[in-house]
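Commentary on secondary and tertiary structure
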Amino acid sequence: MALKSKDLLGMKQLTSDEIMEILDTAKTMKMVITSGNKKTSHLQGKAVITLFYENSTRTRTSFEMASKYMGSSSANISSSGSSVAKGESLLDTVRTLDAMGTDIIIMRHNQSGAPHSIANKINASVVNAGDGMNEHPTQALLDMLTMYERFDTFEGKKIAICGDCYHSRVVRSNAIGLAKLGAEVSVYGPRTMMPIGIEQMGVRVADSVADCVKDADAVMGLRVQLERQNSALFPSVAEYSKFYAITPEMLQLAKPDAFLMHPGPCNHGVELPTAVYDCDQSVINEQVTNGVAVRMAVLYLLMARRNNL
Ligand code: CP
């Protein structure tokens with residue numbers, strides 16, 4: 001199997017069959033990374049570059065490790081340490097990397113649509129590692145893998161997502177992907193942090209944290225993106241944590257076997273108290289492990305398409 005498109009730009013473009021293909025491939029890749037010998041030859045002789053215009057720990061490092069585990073030559077570029085800082089345009093930058101024979105460019109950018117704007121102008125495959133407030137498809141895929149390891153089916157499963165939905169590319173990608181697989185997504189956060197028309201993505205907007213998490217199979221907290229706040233969207237951190245945090249009491253309203261997720265990084269004491277971050281139901285560190293497996297699967301399936309052309 002291979003992906004239909006040359007690029008992975010968002011969950012919007014993936015069919016439900018492609019999502020399941022990525023998740024099944026990631027399960028196999030997870031066996032590699034949890035084994036004593038983290039090596040495959042799937043990307044041998046290939047070149048992978050990460051190009052990050054925004055900070056990252058999880059996404060960037062996991063893509064880097066995924067490509068190295070699979071035997072590729074890899075390089076990492078950030079805007080501050082490259083000719084981007086001299087004013088080189090995004091298009092000139094990616095054309096330069098393309099001319100070096102790069103097979104896959106993994107890109108994070110602060111502008112929504114930035115990866116889409118360059119994907120059809122270069123030969124390399126482009127993977128969206130987060131574009132502004134639009135999408136973060138590989139985060140949604142790793143979240144879905146974490147659920148898939150616990151669910152026999154996504155159909156009818158209740159997923160609660162609480163926090164700063166307005167700035168969250170994670171909520172958008174999860175909403176789109178989970179709807180394609182038949183899950184029921186409820187969201188909650190301050191009204192000022194809820195995108196107008198989010199219901200059109202197939203989600204229910206809840207009335208409170210309690211209403212959102214009640215009987216949920218999985219509960220996800222979202223980071224308050226303090227770096228993107230250019231106006232006072234909530235009165236204070238104390239008020240936010242009082243009315244919008246997922247507390248131990250709130251988590252108890254979910255199903256007894258529900259699990260707690262967070263894409264990270266977390267503002268401890270804001271969207272989650274540390275007691276919840278570290279509780280027995282938390283699978284946050286497993287999400288990180290699954291991030292490497294999903295990114296290996298995405299690189300493998302994109303390269304399979306390139307090899308088949
Ligand atoms: N979840 C996520 O995208 O984290 P990073 O910003 O650390 O990559």
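All values derive from a computational prediction rather than experimental measurement. Position numbers for residues count from 1 along each chain, tracking the sequence in the order it is written. Note on the predicted model: pLDDT of at least 70 is required for a residue's local features to be given, and 80 or more for side-chain atom pairs to be given and counted; whole-chain, interface and lining totals, by contrast, use all residues. Each side-chain value is derived from all of the structure's non-hydrogen atoms; neither hydrogens nor water enter the calculation.

1. Observations regarding the layout of surface pockets
Put plainly, a pocket is an open set of points on a 1 Å grid over the protein atoms alone with protein on both sides within 12 Å along at least five of seven lines, a cavity is a set where a 1.4 Å probe fits but cannot get out, and a lining residue has an atom within 4 Å of a point. Grid points are joined across faces, edges and corners, and a volume is the space filled by probe spheres set on the points. Of the volumes computed, that of the largest pocket is approximately 400 Å³. Lining the largest pocket are 22 residues, with Arg108, Arg169, Arg223, Gly264 and Pro265 positioned closest to its centre. Put simply, the parts of the chain that give the lining of the largest pocket at least two residues each are α2 (58–69) and α6 (169–180). Looking at the lining of the largest pocket residue by residue, the classes come out as 4 nonpolar, 11 polar and 7 charged. Helix and strand definitions follow DSSP, with helices as H or I runs of at least four residues and strands as E runs of at least two, each counted in order from the N terminus. Amino acids are sorted into nonpolar (Ala, Val, Leu, Ile, Met, Phe, Trp, Tyr, Cys and Pro), charged (Asp, Glu, Lys and Arg) and polar (every other residue, Gly among them).

2. Digging into helix α5 (residues 137–148)
Between its first and last C-alpha, α5 extends 16 Å over 12 residues, near the 16 Å set by a 1.5 Å rise per residue. A 1.4 Å probe rolled over the protein chains alone gives each residue an accessible area, and that area as a share of the maximum for its type sets the label: buried under 20%, exposed over 50%, partly exposed in between. Here α5 lies mainly inside the structure; 12 of its 12 residues are buried. Of the residues making up α5, those classed as buried are Pro137, Thr138, Gln139, Ala140, Leu141, Leu142, Asp143, Met144, Leu145, Thr146, Met147 and Tyr148. Here a helix's expected span is defined as the number of its residues, less one, multiplied by 1.5 Å.

3. Observations concerning the packing of aromatic side chains
Aromatic rings from Phe, Tyr and Trp, with only the six-membered ring used for Trp, were paired whenever their centres fell within 6.5 Å, and each pair was classed as stacked if the ring planes differed by under 30 degrees, edge-to-face if by over 60, and tilted otherwise. Enumeration according to the criterion identifies 6 aromatic pairs in this entry. On the numbers, 6.1 Å between centres and 85° between planes, the contact of phenylalanine 151 with phenylalanine 154 is edge-to-face. Its relative accessible area of 4% is what places phenylalanine 154 among the buried residues. Taking the centre distance of 5.8 Å and the plane angle of 45° together, the rings of phenylalanine 151 and phenylalanine 259 count as tilted. Taken together, the residues span a long stretch of sequence, with phenylalanine 151 in the loop between α5 and β5 (158–162) and phenylalanine 259 in strand β9 (residues 259–261) at a distance of 108 residues. Phenylalanine 151 sits in the buried class, given a relative accessible area of 9%. Overall, the relative accessible area of 4% leaves phenylalanine 259 in the buried class. Three or more aromatic residues joined by ring pairs make a cluster, and in this case those are Tyr148, Phe151, Phe154 and Phe259. The lysine or arginine in question, lysine 27, covers the ring of tyrosine 148, its NZ or CZ lying 3.9 Å from the ring centre. Criterion for a charge above a ring: Arg CZ or Lys NZ at most 6 Å from the ring centre, at most 35 degrees from the ring normal. Directly above the ring of phenylalanine 151 sits lysine 157, whose terminal nitrogen or CZ lies 5.3 Å from the centroid.

4. Here we look at the pairing of strand β2 (residues 73–78)
Relative to β2, strand β1 (residues 47–52) runs parallel, the two being bridged by 6 bridges. Looking at β2, one finds that threonine 50 is bridged to asparagine 76. Here is how to tell: hold the view so the strands point away, follow the path from the first strand over the helix to the second, and if it runs clockwise the crossover is right-handed. Regarding topology, α2 serves as the crossover connection from β1 to the parallel β2, and that connection is right-handed. Two strands pair if DSSP finds at least two bridges between them.

5. Some words on the packing of helix α1 (residues 16–33) against α5
A fitted line through C-alpha atoms serves as each axis, taken over the contacting stretch for helices, and the angle formed by two N-to-C directions is quoted from 0 to 180°. Close contact between α1 and α5 brings their axes to 10 Å; oriented N to C, the two are set at 70°. Taken together, the axis directions place α1 and α5 in an arrangement best described as roughly perpendicular. Judged by the sense of rotation from one axis to the other, the crossing of α1 with α5 is right-handed. Facing Ile19, Met20, Ile22, Leu23, Asp24, Ala26 and Lys27 of α1, the residues of α5 in contact are Leu141, Met144, Leu145 and Tyr148. The residue makeup of the contact of α1 with α5, split by class, is 9 nonpolar, no polar and 2 charged. In this scheme, roughly parallel covers angles under 35 degrees and roughly antiparallel covers those over 145, while 65 to 115 is roughly perpendicular and the rest are oblique. Left-handed describes a crossing whose near helix is turned anticlockwise from the far helix by less than a right angle; the clockwise case is right-handed. Contacts are residue-level and defined by heavy atoms, with any inter-residue pair within 4.5 Å sufficient.

6. Overview of the pattern of salt bridges
By definition, a salt bridge exists where a carboxyl oxygen of Asp or Glu is found within 4 Å of a side-chain nitrogen of Lys or Arg. Overall, the coordinates contain 12 salt bridges when judged by the stated rule. For arginine 169, the salt bridge identified is with glutamate 54, shortest N-O distance 3.0 Å. Placement of arginine 169 in helix α6 and of glutamate 54 in the loop between β1 and α2 is noted, with a sequence separation of 115 residues between them. Both residues of the pair, arginine 169 and glutamate 54, belong to the buried class. Close ionic contact of arginine 150 with glutamate 286 constitutes a salt bridge, the shortest N to O distance being 2.8 Å. Residue arginine 150 is found in the loop between α5 and β5, and its partner glutamate 286 is found in helix α11 (residues 284–308); the two are separated by 136 residues along the sequence.

7. Some details on the sheet that holds β9
Taken together, the 5 strands give an open sheet; going across it, the order is β7-β6-β5-β8-β9, and neighbouring strands pair in parallel fashion. Edge positions in the sheet fall to β7 (204–205) and β9, since each of these pairs with one other strand and no more. In terms of strand pairing, strand β6 (residues 184–188) meets β7 through 2 bridges, oriented parallel. Looking at the pairing, valine 187 lines up with valine 205 of β7. Sitting on the sheet, α6 touches β5, β6 and β8 (218–221), and the angle it makes with β5 is about 165°.

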